[in-house]
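Chain by chain, the residues run as shown.
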Amino acid sequence: MAIVIMLVFVFLSGCTTTDSAGIPIIEENETLSAEQTANSLLTGDWSSGNMTNGASITYSIGPAGVLKDTWVFNGTWTPGASENGTVSYLVTYTDGTVYTYYLTENGTVFDDGTGDTNYEKQNGTSVAGDDPIVGTWVYKGGDFSGSLTFDADGTVDESWTYYGEVKYEGLSDNDVYVFDVNYPDEEWDFTFTMSSDGETLTDSDNSTLHKV
């Protein structure tokens, strides 16, 4: 009888308890328990909604920390000066920022103002008689994707998607979860912080996002 009682005791002492969300609590390793909780809360889609500058951000985070983030901007465009076979186009974004893009007069080479011409116009996105800029220009270079759509009515919709990885770093002094965000281009790396209740996510630009 004593042997049976001892076996039951050993079995129960080896069981792992769980919290209210069903996440294992490993009592002898509180750091791992916090990591499991944080990663569970982080997984999903987070959205900024429309921010004051008119942009919006969506972070989609998979269970293995795979990150896809999409930035959307809106504005209006007007044609500018023509010089040496190139036409400039001024885009005014919702926050008032003005940026200049360039297009050759035959409408074939699109320059985003940095000298990068890795853009290709999608077939069927413009019609005869439109300004050559009208249509969707898709970015073809780099470890990310993007597009700019210039509509005939003078509006611009711009979208960029980046891919990276999120790793749990630990708890901060004020009990928020801290994550390290890494991209193929190390210059883009930054940090996420998430409230302990999993309600809000803040990036290094102080953009606040909520789970959707």
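Just so you know, these numbers come straight off a predicted model, no measurement behind them.

Caption draft 1: Quick peek at the overall build of the protein. Secondary structure summary: the protein contains two helices and 16 strands in total. Sorting the 212 residues of the protein into buried and exposed places 33% on the buried side. Here the analysis covers contacts within the protein between residues at least 6 apart in sequence; of these, 33% occur between residues at least 24 apart. Summed over all atoms, the accessible surface of the protein reaches about 12200 Å², with 51% contributed by carbon and sulfur.

Caption draft 2: Just the side chain of Ser-195, in detail. Structurally, the position occupied by Ser-195 is in the loop between β14 (190-194) and β15 (200-202). Ser-195 gets classed as buried once you look at its relative accessible area, which sits at 17%. A distance of 2.6 Å separates polar atoms of two side chains, one belonging to Ser-195 and the other to Asp-197. The contact partners of Ser-195, leaving out residues within four places of it in the chain, are Val-176, Tyr-177 and Thr-200.

Caption draft 3: How the structure looks around the layout of surface pockets. In this structure, the largest pocket encloses a volume near 550 Å³. Lining the largest pocket we find 19 residues, and of these Trp-71, Phe-73, Glu-158, Trp-160 and Tyr-162 sit closest to its centre. Listed by contribution, the elements that provide at least two residues to the lining of the largest pocket are β5 (66-83), β7 (98-104), β11 (144-150) and β12 (155-171). Across the lining of the largest pocket, the residue classes break down as 14 nonpolar, one polar and four charged.

Caption draft 4: Region of the structure containing the packing of aromatic side chains. Tallied over the entire structure, the rule returns 24 aromatic pairs. A centroid spacing of 5.8 Å and a plane angle of 70° characterise the contact between Tyr-168 and Phe-179, whose relative ring orientation is edge-to-face. With a gap of eleven residues between them, Tyr-168 in strand β12 and Phe-179 in strand β13 (residues 177-182) connect regions that are remote in the sequence. By the burial criterion, Tyr-168 is buried, and Phe-179 matches it.

Caption draft 5: Seen up close, the confidence of the model for the protein. Mean pLDDT over the protein: 86, with 85% of residues reaching 70 or higher. Low confidence marks residues 1-16, where pLDDT is under 50. Its contacts with residues over four positions away, or in another chain, come to two contacts.

Caption draft 6: The arrangement of the pairing of strand β4 (residues 56-61) in detail. For strand β3 (residues 44-47) and β4, the ladder comprises four bridges, and the chain directions are antiparallel. When the sheet's bridge partners are listed, Ser-47 is paired in β4 with Thr-58. Relative to β5, β4 runs antiparallel, the two being bridged by six bridges. Along β5, the bridge assignment pairs Thr-58 with Thr-70. Connecting β4 to the next strand, β5, in antiparallel fashion are four residues, including Gly-65 with a positive phi near 85°.

Caption draft 7: The arrangement of the environment of Ala-38 in detail. Its location among the elements puts Ala-38 in helix α2 (residues 30-42). Spatially, the C-alpha atoms of Ala-38 and Met-194 are 8.2 Å apart, while their sequence positions differ by 156 residues.

Caption draft 8: A look at the pairing of strand β10 (residues 135-139). When you tally the buried positions in β10, you get five out of five residues, the bulk of the element. Examined bridge by bridge, strand β9 (residues 119-121) and β10 share three bridges and lie antiparallel to one another. Of the residues in β10, the one forming a bridge with Lys-121 is Trp-137. Pairing analysis gives five bridges linking β10 to β11, with the strands arranged antiparallel. Counterpart to Gly-135 in the pairing with β11 is Phe-150. Here β10 folds back onto β11, and the loop between the two strands holds four residues, one of which, Gly-142, carries a positive phi near 90°.

Definitions and cut-offs
Residues numbered from 1 in each chain as written. Predicted model: local features only at pLDDT ≥ 70, side-chain atom pairs only at ≥ 80, totals over all residues. Heavy atoms only, no water. Helix = DSSP H or I, 4+ residues; strand = E, 2+ residues; numbered from the N terminus. Buried < 20%, exposed > 50% of the residue type's maximum accessible area, 1.4 Å probe, protein only. Contact = heavy atoms within 4.5 Å. Areas by Shrake-Rupley, 256 points an atom, 1.4 Å probe, with all protein chains shown as cover. Polar contact = N/O pair within 3.5 Å; in protein donor to acceptor, adjacent residues only side chain to side chain. 1 Å grid on protein atoms, 1.4 Å probe; cavity = no way out; pocket = protein on both sides within 12 Å on 5 of 7 lines; lining within 4 Å. Points joined across faces, edges and corners; volume = space filled by probe spheres on them. Nonpolar A, V, L, I, M, F, W, Y, C, P; charged D, E, K, R; others polar. Phe/Tyr/Trp six-rings, centres within 6.5 Å; stacked < 30°, edge-to-face > 60°. pLDDT = per-residue confidence, 0-100. Pairing = 2+ DSSP bridges.

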